Amino acid sequence: MNSLLEIEGLNVTALVDGEQRPLIDQLSLSIAAGEAVGLVGESGSGKSMTARSIMRLLAKNVSATGSIHFDGRSVLDMNPKELREYRRSDVAMIFQDPRAAINPVRTVGDFLTEGLRKNTGMSKDEATTRAVDAMTTVGIHRARERMGQYPHEFSGGMLQRVMICSTLLTQTRLLLADEPTTALDVTTQAEVVGLLDALRRDRGLGLLFITHDLDLGAALCDRVCVMYAGRIVECRTAHDFYTHSRHPYSKALFDARPSVDQRVHRLPAIPGSPIALYDVGAACAFEPRCPFSVDACANAVPGLRNVNGGDVRCIRAEDTDTTDLVEERA
Amino acid sequence: MIAAVRTKDVRKVFTVRGQRDQGEHVAVESVSFDLEAGRCLGIVGESGSGKTTLARMIVGLETPTSGTISVCGIDRTSKVRSAGARRAWARRVQLVFQDPYTSLDRRQSGIDCLAETLRLHFDLSEAQQKVRIRELADQVGLTEKQVTSRPAQLSGGQRQRLAIARALAVEPEVLVLDESVSALDVSVQAQVLNCLADIQASLGVTYLFVSHDLGVIRQMADDVIVMLHGSVVEAGPTAAVLDSPAHEYTQRLKSSVPGPGWRPPISKESV
């Protein structure tokens, strides 16, 4: 399969107090056109840093090595001009809080047409027409009228639609959505992910969907990768995730989430708290919290290997059958 | 028997002064419920549904425009004037906020934070206070080291445990939890929910659990009220309401929750 985005052995480190702290370790990931990949994990696991590396939106003290190729071109080697062009037309990113990502003192119409007019030299009328069309596509009613309104006159869900709309105006081929629905109500979340789903199918967009909600990631994406402490610990098709996942952390995440359908006597919580990659050393990061851990887990970083039709970073993956869990939840 | 919390026709109207929409905004409209002591009532709704305003009125941070609120049989509809009366109120009802990053004093260690609360409400000797702080830390599962740390050295889950310990310090009858686990990661959220369940089982505290998360409500609440635009649209035992939601809004809420087999709704493009 020809991939739109191909990440190979990505390492990201941050320079803090004179020492290089690792944030992401040996991350490999590919996204094809029209494919949705979910990146799931808890805060600090490196999901957002992965997306930022793809955009090369990294702070001065953060550096990325390895390879990131977009459509055959190496993103990490682009010169400023190429990088500008890449960010302008090939890839777009939507953030968790749309209100923080839009200029509050300019109208939504200004925001949407600015890029079109500056980059393509389109006339004002033409750009406005294009923007109105795009707003209608993302389900914003009375689009022409709303173009003149300011961000504070939009609800959170509507503003997130505006952000999605802005990515449609360019010829974006890859959309990085970083927790785009976390700040939204659950009914609005359903509408917004429904929209993202339709757009990537209709337009063949590659979608990287970052979320802390394993259920949401599995519902929306073709493939789901779970991250823990800067490493991908499990990656398999969303369809298989409920029944075939073998990493103890993936299993624990499903278990720990309270279900709408039943009350359990006690939630199977994961003991301890998430750990940062630079505290891990040469060991499995999940080892201190893992019910399956053995001595060998603390001695080396387990590699990703194929178990049960997916990639799992666990030396005990054969022993962590999760079917009991699924029966319980079903 | 006296209900731990009783509200009758509670209504809250805010005056809005804006450029476009001047006038009144009804945040809560005729809400009535009885919450029995030792039980957990869930309040579900989306942002703007009035659930937080309702919680704030019960704590005493807002006064209802009309209607009555009583806690343990004592009316607390009108505003208190004196600090003493305010403290007496606080002894009965405590609030745990959503964000443990902003609801704790960052310059205060856990011990100082709990000691301040105890000093304010009780007349304890230093030794007694020490014992009580240890007891509170045990109840919420904080270690000796954690409770001597400042918030910056604690994780989100540990901070929220400290916030819960601070609320429990005054031995309240009612604990109002306003989205208290929403900011926590899933693995930590489960720990805190279990901890809250243990506390309720051992101390018999009454919970008012405000959340937008139906899974959390299902796990914690005995009964639930569903709010929409300030009004209660559905109420009843949690299992009954969530298994067979009667109101169209509750049905939509439930069908929006992702889970095994869930698909995002087909987007109506170009409507």
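Predicted, not measured: the structure shown is a model, and the values here were computed from it.

Turning next to the interface of chain A and chain B. Taken together, the contacts link 49 residues of chain A with 41 residues of chain B. Each partner contributes to the roughly 3,800 Å² buried at the junction of chain A and chain B, and carbon and sulfur atoms together form 51% of this total. At the junction of chain A with chain B, the criterion picks out 5 salt bridges. The salt bridge involving B:Asp222 is made with A:Arg263; its shortest N-O contact spans 3.5 Å.

Moving on to the packing of helix H6 (residues 156–168) of chain A against helix H7 (residues 186–203) of chain A. Angle between the axes and distance between the axes: these two values describe a pair of packed helices. All names here are of chain A. With their axes 10 Å apart at the nearest point, H6 and H7 run at an angle of 10° to one another. By the angle between their axes, H6 is roughly parallel relative to H7. Contacts between H6 and H7 involve Gly157, Gln160, Arg161, Ile164 and Leu168 from the first element and Thr188, Glu191, Val192, Leu195, Leu196, Leu199 and Arg203 from the second. Grouping the constituent residues of the contact of H6 with H7 by class yields 6 nonpolar, 3 polar and 3 charged.

All names here are of chain B. Strand order in the open sheet formed by 6 strands is E6-E7-E8-E3-E9-E10, and the pairing between neighbours is mixed. This sheet does not close on itself; its edge strands, each paired only once, are strand E6 (93–96) and strand E10 (231–237). Each neighbouring strand pair of the sheet contributes to a mean axis angle of 15°, computed without reference to strand direction. Across 6 bridges, the pairing between strand E9 (residues 223–228) and E10 is antiparallel. Its bridge partner lying in E10, Val226 is registered against Glu234. Lying on the sheet, helix H6 (residues 156–168) is in contact with E6 and strand E7 (174–178); it crosses E6 at an angle near 170°. Packing of helix H7 (residues 186–203) onto the sheet brings it into contact with strand E3 (40–44), E7 and strand E8 (206–211), and relative to E8 it is tilted by some 155°.

Where helix H10 (residues 248–255) of chain B is concerned, the buried positions are B:Tyr249, B:Thr250 and B:Leu253. Down the axis of H10(B), the smallest arc covering the buried residues is 100°, so these residues share one side. Next to the buried residues of H10(B) lie H7 of chain A together with E3, helix H8 (214–220), E9, E10 and helix H9 (238–243) of chain B.

Conventions we followed
- Residues numbered from 1 in each chain as written.
- Chains lettered and ligands numbered in written order.
- Predicted model: local features only at pLDDT ≥ 70, side-chain atom pairs only at ≥ 80, totals over all residues.
- Heavy atoms only, no water.
- Contact = heavy atoms within 4.5 Å.
- Buried area = accessible area lost by both parts, 1.4 Å probe.
- Salt bridge = Lys/Arg side-chain N within 4 Å of Asp/Glu carboxyl O.
- Axes fitted to C-alpha atoms, helices over the stretch in contact; angles between N-to-C directions.
- Helix = DSSP H or I, 4+ residues; strand = E, 2+ residues; numbered from the N terminus.
- Parallel < 35°, antiparallel > 145°, perpendicular 65-115°, else oblique.
- Nonpolar A, V, L, I, M, F, W, Y, C, P; charged D, E, K, R; others polar.
- Pairing = 2+ DSSP bridges.
- Buried < 20%, exposed > 50% of the residue type's maximum accessible area, 1.4 Å probe, protein only.
- Arc of directions from axis to C-beta.

No statement about biological role is implied by the geometric values presented.
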